Each structure stands twice: as C-alpha cells, then as structure tokens.
Amino acid sequence: MLAALPSPVNLSVAVAQPIDPAAWVQTADYPPIAVQQAQEGAALVRLHITGEGRVDDCAVVESSGSPLLDLTTCTLVRHRARYRPAADSKGRPVATTDRRRIAWKLPQDGTPGADWVPRAMSVAVKIDVDMDDKGAVAACRSTKTKSNAAELVAILDEMGKNLCAEIGGNEDGNPMRDTRGKAVPSRLTFVISADLRQR
C-alpha cells in the first residue's frame, strides 16, 4: 500500500511549478506486462513536494485500474519529477502538495507500435548488513545502485526491504574474527540484480 503523504509544513503564497511534466512518464516506460495484458487507465496522484522542488512521496488518489500502472506511476514520478518550489510570504521555499493525472494509453490497434520502443531493462540493489562483535545484525540498508526500469525498481526495492527485515532477526552468535582470533564488527555487502533483454 502506498504511504500516506505528510502534511505541508508551511502555507505557500507562490505555488510550486512543475518542470517539464511531459518527460516524467514516457511511452517507453510502459511496463511490458501491462502491454501484454492491454492495461490502460489514468492514475490521479497526490505529490508531496519538498522545499528543494523534489517529490519525496506519492499517493494514488484515484487508481488507473491497474496496480502495476499505479505503482509504476509513483515510482517514476518520485524519481523524475522536479518543481520550482513553492514560496511563503517572505519568498522562502516551502514544502507543499500537488495533484497530477498520469494517463497510460496503448496505441489504437492495442499493440505496441513504432512509437513504443521498449528498452533493455536492468536494475541492481545493493544491501549492506552490519554485524556487531557478537555476530548479531546491527543494521541493514537497501540502496538502489542503478536502474532504468521503474517496475523492476519497485520489485527489487521491496525484496531488499523484506530481506533486511528477515536478516534483522538473525542472531547467529558467530562473529567475524581478526587474525588474532578476536571477535570484531563486520559488514556483509551483496547485490541483487535483474536484467531483461530481447533474446
């Protein structure tokens, strides 16, 4: 479930202005699964915009009718959307919200045409697991390292969070030891990757 948006911290006088919103979601971003299943629709989303003009949260107000298109919409907008920030009465940038409707529509013949050019998709999520000197998990962080595919980002981000949640309960009591046999803190780093290409 998409997270609820925080309330704006200030009332704005100058409203936030979107920068090139047509570039936020493009035809080539259409999830291949949604194309295969002929999914279409328009998602109305509410965005929380920071004082720096970035979108740090997105909530679906009206669904497109496709959970995948809804998820892809918010993932893309959070990564790509930029605004000229709203400002208060003294001209200082403030956080605010905006609503945008993002439409997903297949070509009229119902199949991808010349204007739909799916690119190869790849994503990698790095996970760092910090262990203390007793062998217990002290911290686990999931960080997206590279991506050009919103739907893969969403899937692997969720995998990373779930994995960290599972690892967080692990206390195996088997710490790493230095050359003198002394138990020491350690870090385990691994990468989950996915790649989709034409055969």
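What comes next is a walk through the structure. (Residues numbered from 1 in each chain as written. Predicted model: local features only at pLDDT ≥ 70, side-chain atom pairs only at ≥ 80, totals over all residues. Heavy atoms only, no water.)

**Quick notes on the state of the cysteines**
The condition is simple: By disulfide we mean two sulfur atoms from cysteines, separated by a distance within 2.5 Å. Numbered from the N terminus, helices here are DSSP runs of H or I no shorter than four residues, and strands are runs of E no shorter than two.
If you walk through the whole model with that rule in mind, you get one disulfide. Across the disulfide, Cys58 is cross-linked to Cys74 (sulfur-sulfur distance 1.9 Å). Its torsion about the S-S bond being -65°, the disulfide of Cys58 and Cys74 is classed as left-handed. Linking Cys58 in strand S3 (residues 55–62) with Cys74 in helix H2 (residues 67–80), this pair joins segments that are 16 residues apart in sequence.

**Points about the pattern of salt bridges**
The criterion, for reference: Only one rule defines a salt bridge in this text: a Lys or Arg side-chain nitrogen within 4 Å of an Asp or Glu carboxyl oxygen. Burial classification: accessible surface area is computed with a 1.4 Å probe over protein chains only, and a residue below 20% of its type maximum counts as buried, one above 50% as exposed, and the rest as partly exposed.
Considering all chains together, one arrives at eight salt bridges under this definition. In this structure, Arg80 engages Asp29 in a salt bridge whose closest nitrogen and oxygen atoms are separated by 2.6 Å. Taken together, the positions of Arg80 in helix H2 and Asp29 in the loop between strand S1 (17–18) and helix H1 (32–36) put the pair 51 residues apart, joining distant regions of the chain. Residue classification places Asp29 among the buried positions, given a relative accessible area of 5%. Between Asp98 and Arg100 there is a salt bridge; the shortest N-O distance is 3.8 Å. Looking at Arg100, the relative accessible area reads 25%, which means it is partly exposed.

**A short note on the sheet that holds strand S2 (residues 41–49)**
Our working rule: Whether two strands pair comes down to DSSP finding at least two bridges between them. Interaxial angles span 0 to 180 degrees and are taken between N-to-C directions of axes, which are lines fitted to C-alpha atoms, for helices over the stretch in contact. By the convention used here, residues are in contact when the closest approach between their heavy atoms is within 4.5 Å.
Across the sheet, which stays open at both edges, the three strands sit in the order S3-S2-S7 with antiparallel pairing between neighbours. With one partner strand each, in any of the chains shown, S3 and strand S7 (96–104) form the two edges of the open sheet. Between one strand and the next, the sheet's axes are offset by a mean angle of 30°, whatever the strand orientation. In the sheet, S2 pairs with S7 via nine bridges, with the strands oriented antiparallel. What sits directly across from Ala43, in S7, is Ile102. Taken strand by strand, H2 contacts S2, S3 and S7, and its axis lies near 155° from that of S3.

**Some points on the nonpolar core**
To keep it simple, the criterion reads: For this analysis, a nonpolar core means a set of buried residues of the types Ala, Val, Leu, Ile, Met, Phe, Trp, Tyr and Cys, connected via side-chain atoms within 4.5 Å.
In this structure, Val25, Tyr30, Leu47, Val55, Tyr83 and Trp104 are the most contacted members of the largest nonpolar core, which totals 23 residues. For this core, the secondary-structure elements that each account for two or more residues are H1, S2, S3, H2 and S7. Counting residues in each nonpolar core, the second largest holds seven residues, with Val125, Ile127, Met131 and Ile192 among its members.

**Points about the environment of Ala136**
Here Ala136 lies in the loop between strand S8 (121–131) and strand S9 (137–147). Sequence separation between Ala136 and Pro185 is 49 residues, and the spatial gap between their C-alpha atoms is 9.3 Å.

**Details of the packing of aromatic side chains**
Each aromatic ring pair is specified by the distance between its two centres and by the angle formed by the two planes. Spelled out, the test is: Within 6.5 Å between ring centres, the rings of Phe, Tyr and Trp (the latter by its six-membered ring) count as paired, and their orientation is classed by plane angle as stacked under 30 degrees, edge-to-face over 60, tilted in between.
Tallying each qualifying case throughout the model produces two aromatic pairs. Note on Tyr30 and Trp104: the rings are 5.2 Å apart at their centroids and 75° apart in plane angle, and the pair reads as edge-to-face. Here Tyr30 is found in the loop between S1 and H1, whereas its partner Trp104 is found in strand S7, with 74 residues between them in sequence. Relative accessible area serves as the criterion here: at 4%, Tyr30 is assigned to the buried category.

**Brief notes about the side chain of His48**
We count it as follows: Each polar contact in these results corresponds to two N or O atoms within 3.5 Å; when the atoms are within protein, one needs to be able to donate a hydrogen and the other to accept it, and residues that are neighboring in sequence are counted only if both atoms are side-chain atoms.
In this fold, His48 is placed in strand S2. Taking the relative accessible area as the measure of exposure, His48 reaches 6% and is therefore buried. A polar atom in the side chain of His48 sits 2.7 Å from the side chain of Asp56.

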